[in-house]
Amino acid sequence: MKYYAKPLNRLINELSKLPGIGGKTAQRLAFHILSMDEKEALALADSIKDAKTSMRYCSICGNLTDVDPCVICSDDSRDKSLICVVESPADVVAMEKIREYRGYYHVLHGAISPMDGVGPEDINLKSLITRLHDDEVRELIIATNPNIEGEATAMYIARLIKPSGIKVSRIAHGIPVGGDLEYADEVTLLKAIEGRREL
Ligand SMILES: [Zn+2]
């Protein structure tokens, strides 16, 4: 991309690494950023830096947090008998928005996908097993995405946990197959939790 001056080229290059941002969009965003007033543009840069340096993964549930343990894990008023297993921190946000679920979470950071070479040891599963040694946990609600990887992960966890006597349930499929939990609307997600079935 020799048409651009070096700093502009670098900005376009970095932006194009973001999901859903192709070369054209990256160029449009870069020109937009350069047209912003300096204060605004630097606030954007600063917010990326600040979020990146202050956010980490909760040592208990794996959720993104600026304090460890995260505010959810530190909340004693929640139902200690329930852990909802999700694929990503964005899914925790989706679940929290419906304000119905009052248990805890466990974030896997992915799903089992043999096709992509992602096995059980590649996701945040070991720490979930450790958490189940706490006698208060009675039910695991598996809320992985309703696609092949999400289903495979749910089945794997169910088989792994069931012998321990802990109930393992799967959220109902109000969520379209192949869909993303993160993008489900709140009513659909609420129905999906209410209609969960035991695995
Ligand atoms: Zn946590």
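Right, let's walk through the structure included here. Sequence order sets the numbering: in each chain, residues are counted from 1 along the sequence as written. Per-residue local features are limited, in this predicted model, to residues with pLDDT of at least 70; the limit for side-chain atom pairs, both in listing and counting, is 80 or more; totals at the level of whole chains, interfaces and linings are taken over all residues. Excluding hydrogens and water, the side-chain figures rest on all heavy atoms present in the structure.

Quick look at the coordination of the zinc ion now. Each metal site is built from N, O and S donor atoms within 2.8 Å (3.2 Å for Na, K and Ca), and since water is not included, such sites may look incomplete. Around the zinc ion, the protein contributes the donor atoms Cys58 (SG), Cys61 (SG), Cys70 (SG) and Cys73 (SG), at 2.3 Å from the metal centre. Site shape is set this way: if four donors have all angles between 85 and 135 degrees, tetrahedral; if opposite donors are over 155 degrees apart and all others between 65 and 115, square planar for four donors and octahedral for six; otherwise irregular. In this structure, the zinc ion is surrounded by 4 donor atoms whose angles at the metal cover 105 to 115 degrees, and the resulting shape is tetrahedral. Donor residues binding the zinc ion come from one chain and are separated in sequence as C-x2-C-x8-C-x2-C. Note on exposure labels: buried denotes an accessible area under 20% of the residue type's maximum, exposed denotes more than 50%, and partly exposed covers the range between, all computed with a 1.4 Å probe on protein chains only. Assessed through its relative accessible area of 2%, Cys61 is described here as buried.

Time to look at the packing of helix α1 (residues 6–15) against helix α2 (residues 23–35). Contact pair α1 / α2: the axes reach a minimum separation of 8 Å and the direction vectors enclose 125 degrees. With respect to each other, α1 and α2 are oriented oblique. The interaxial crossing formed by α1 with α2 has right-handed handedness. For the pair formed by α1 and α2, the contact residues are Leu8, Leu11, Ile12 and Leu15 on the first element and Ala26, Gln27, Leu29, Ala30, Phe31, Ile33 and Leu34 on the second. Only C-alpha atoms enter the line fits that serve as axes; for helices the fit covers just the stretch in contact. Angles between N-to-C directions range over 0 to 180 degrees. Only DSSP runs of H or I reaching four residues or more are called helices, and only runs of E reaching two or more are called strands; each is numbered from the N terminus. Put simply, angles under 35 degrees are roughly parallel, angles over 145 are roughly antiparallel, angles from 65 to 115 are roughly perpendicular, and the rest are oblique. The sense of a crossing depends on the near helix, which, turned anticlockwise from the far helix by less than a right angle, makes the crossing left-handed and, turned clockwise, makes it right-handed. Two residues qualify as a contact provided that any one of their heavy atoms is within 4.5 Å of a heavy atom in the partner residue.

Okay, the pairing of strand β6 (residues 167–170) next. Relative to β6, strand β5 (residues 139–142) runs parallel, the two sharing 4 bridges. By the bridge assignment for β6, Ile142 is matched with Arg170. With 2 bridges connecting them, β6 and strand β7 (residues 197–198) associate as antiparallel partners. Bridge pairing in β7 links Arg170 to Arg197. Any two strands with at least two DSSP-identified bridges between them are counted as paired.

To continue, consider the nonpolar core. Core analysis: the biggest nonpolar cluster contains 23 residues, and Cys84, Val86, Met95, Tyr101, Tyr105 and Ile171 have the highest contact counts within it. Counting only elements with at least two residues in this core, the list comes to β3 (82–86), α4 (89–97), β4 (104–107) and α7 (186–194). Other than its neighbours up to four places away in sequence, Tyr105 contacts Cys61, Ile72, Arg78, Ile83, Cys84, Val92, Met95, Glu96 and Arg131. Side-chain atoms within 4.5 Å are what join buried Ala, Val, Leu, Ile, Met, Phe, Trp, Tyr and Cys residues into a set we call a nonpolar core. One finds Leu108, Ile123, Leu125 and Leu132 within the second-largest nonpolar core, a separate group that totals 18 residues.

It is worth spelling out the environment of Arg196 at this point. Mapped onto the fold, Arg196 is located in the loop between α7 and β7. Note: C-alpha distance between Arg196 and Val168 (28 residues apart in sequence) is 9.8 Å. Here a polar contact means two N or O atoms within 3.5 Å. Within protein one must be a hydrogen donor candidate and the other an acceptor candidate, and residues neighboring in sequence count only if both atoms are side-chain atoms. A polar contact is formed between the side chain of Arg196 and the side chain of Glu139, at a distance of 2.7 Å. At 3.5 Å, the side chain of Arg196 forms a polar contact with the side chain of Ser169.

Pairing within the open sheet is mixed, and its 5 strands lie in the order β4-β3-β5-β6-β7. Across the chains shown, the open sheet's two edge strands, defined by having one partner strand only, are β4 and β7. Contacting β3 and β4, α4 runs over the sheet at an angle of about 155 degrees to β4. Packing of helix α6 (residues 148–161) onto the sheet brings it into contact with β3, β5 and β6, and relative to β6 it is tilted by some 170 degrees.

Below, the discussion takes up the packing of aromatic side chains. Pairing of aromatic rings covers Phe, Tyr and Trp, the last through its six-membered ring, and needs centres within 6.5 Å; plane angles under 30 degrees mean stacked, over 60 mean edge-to-face, and all others mean tilted. Evaluation of the coordinates by the stated rule reveals 2 aromatic pairs. With a centroid separation of 6.3 Å and an interplanar angle of 90 degrees, the aromatic rings of Tyr3 and Tyr4 are classed as edge-to-face.

Turning our eyes to something else, we now look at the pattern of salt bridges. Any Lys or Arg side-chain nitrogen located within 4 Å of an Asp or Glu carboxyl oxygen qualifies as a salt bridge. Scanning the entire structure with this criterion turns up 6 salt bridges. Between Arg170 and Glu151 there is a salt bridge, with its nearest N and O atoms 3.0 Å apart. Here Arg170, found in strand β6, pairs with Glu151, found in helix α6; they are 19 residues apart in sequence, far enough to count as distant. Overall, Glu151 belongs to the partly exposed group, its relative accessible area being 23%. Beyond isolated ion pairs, a larger network of salt bridges with shared partners links Asp75, Arg78, Glu96 and Arg102.

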